[in-house]
Amino acid sequence: MRIMRQILALALACLPLASALEAAAQEYPTKPIKIVVPYTPGGTTDNLARLCAQGLAEAWGQQVIVDNRPGASGSIGAKVVADAAPDGYTLLLATSTQLATNVALYPNLSYQPLRDFAPVGLLVKGYNVLVVHPSVPAKSVNELIALAKARPGQLNFATSGNGTSQHLSAELFKTMAGVNMVHIPYKGSAPALVDLLSGQVPVMFENILTVVPHIKAGTLRALAVTGAKRWPTLSELPTIAEAGLPGYEISGFYGIVAPAGTPRPIVAKLNKELSRIISDPNLRERLLNQGFEPSPSTSDEFTELIKAYIVKNAQIVKEAAIKVD
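A brief structural summary. Everything numeric here is computed off the predicted structure, so don't read it as measured data. (Residues numbered from 1 in each chain as written. Predicted model: local features only at pLDDT ≥ 70, side-chain atom pairs only at ≥ 80, totals over all residues. Heavy atoms only, no water.)

## Structural notes on the sheet that holds strand E2 (residues 64-68)
Alright, step 1. The sheet built from 6 strands is open, its strands ordered E2-E1-E3-E10-E4-E11 with mixed pairing. At either end of the open sheet lies a strand with only one pairing partner, and these are E2 and strand E11 (292-294). Each strand of the sheet is rotated relative to its neighbour by a mean of 30°, with strand direction disregarded.
Alright, step 2. Strands in contact with helix H2 (residues 44-60) are strand E1 (33-37), E2, strand E3 (90-95), strand E4 (117-126), strand E10 (252-259) and E11; relative to E2, the strand with the most contacts, it is inclined by about 165°.
Alright, step 3. Relative to the sheet, helix H3 (residues 75-82) contacts E1, E3, E4 and E10, its axis offset from that of E3 by approximately 145°. (Pairing = 2+ DSSP bridges. Helix = DSSP H or I, 4+ residues; strand = E, 2+ residues; numbered from the N terminus. Axes fitted to C-alpha atoms, helices over the stretch in contact; angles between N-to-C directions. Contact = heavy atoms within 4.5 Å.)

## Some thoughts on the nonpolar core
Alright, step 1. Grouped together as the largest cluster of nonpolar side chains are 32 residues, with contacts concentrated most on Ile35, Leu93, Leu123, Ile256, Leu274 and Leu287.
Alright, step 2. Contributions of two or more residues to this core are made by E1, H2, E2, E3, E4, E10, helix H11 (264-279) and helix H12 (281-289).
Alright, step 3. Per-element tally for this core: the top contributor is H2, with 7 residues.
Alright, step 4. Excluding anything up to four places from it in sequence, Ile256 contacts Ile35, Leu91, Leu92, Leu93, Pro119, Val120, Gly121, Leu123, Leu274 and Phe302.
Alright, step 5. Counting 31 residues, the second largest nonpolar core, distinct from the first, contains Val132, Ala138, Leu144 and Ala177. (Core = buried A, V, L, I, M, F, W, Y, C linked by side-chain atoms within 4.5 Å. Buried < 20%, exposed > 50% of the residue type's maximum accessible area, 1.4 Å probe, protein only.)

## Overview of the sheet that holds strand E9 (residues 221-225)
Alright, step 1. Spatial ordering of the open sheet is given by E7-E6-E8-E5-E9, a layout of 5 strands whose pairing is mixed. The open sheet is flanked by strand E7 (182-185) and E9, the only strands paired with a single partner. Neighbour-to-neighbour, the strand axes of this sheet turn through a mean angle of 30°, independent of strand direction.
Alright, step 2. One ladder, built from 2 bridges, connects strand E6 (residues 156-159) with strand E8 (residues 203-207); its direction is parallel. Paired with Phe157 across the two strands is Val203, which belongs to E8.
Alright, step 3. Taken strand by strand, helix H8 (residues 189-198) contacts strand E5 (128-132), E6 and E8, and its axis lies near 140° from that of E8.

## Some remarks on the side chain of Asn128
Alright, step 1. Structurally, Asn128 can be placed in strand E5.
Alright, step 2. In terms of polar contacts, Asn128 uses its side chain to reach the backbone carbonyl oxygen of Ser165, at 3.5 Å.
Alright, step 3. Every residue in contact with Asn128, bar those within four places of it in the chain, is listed here: Ser165, Gln166, Ser169, Phe205, Glu206, Asn207, Ala224, Val225 and Thr226. (Polar contact = N/O pair within 3.5 Å; in protein donor to acceptor, adjacent residues only side chain to side chain.)

Right, here's the structure in full:
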């Protein structure tokens, strides 16, 4: 009976705290919200953050500011949010690089995704397209694999940098196909694409939005997409799994996290509003045209997704012996 009385007393003591958290969530937000973007302005992550900021501002009547903090594969911006007050007013629009890949790439990472963040929700997934310069004789995935096997170490592939989704896509391809292609990392997609278009580098895995105009113009040849299913705006293109590597699938993701310790009611309120924004039919069409698959989730589902990506990306990094500069 004494134990039961202690449990009851503890439960009663927690009631005021629960009530206070619920009241805070109902009032939230009462001041401007900041969404930190760990990349420079104008990129895909920045554009997505601004869409979310606009939607939240319109829904809640509060200013939502996008704060760009680029550097160190997004680690600088991630650390800013990890160290912020857990009150829902500082958020991070993170990618799979910050929340999964960096764990394997940086032994002394300044933050730990599952320890330092409260996942709010997944927003979208993004996929890459395997493209080649028209001078490359391969017109299919199987032909590219055969070409790479016939010329081991002679085919180069460009990426926007070590550890990026483009790099992981290529390394998984190499491992599963059993081919030896040489990685040429660039400081961003733009210079890599310039050399690909000129034929200086013959192969690249690149995001859909970037390469579609060149595919349509005939200046690049698309062979397949990296996702588990065909992309709606490129439905004629097979997946890499369909085209010759069964089981191949890789994607990047974009989602919102808050500092660890952010009250659950505030996380839930943010999740509900962001899911509504991403699910809007007009925005969905816009996102698909930009190469994003709208994929709203619960906070718990996002947490499990991050865990799964940490394991998968660590395996790719280990097998490919990827090192950061």
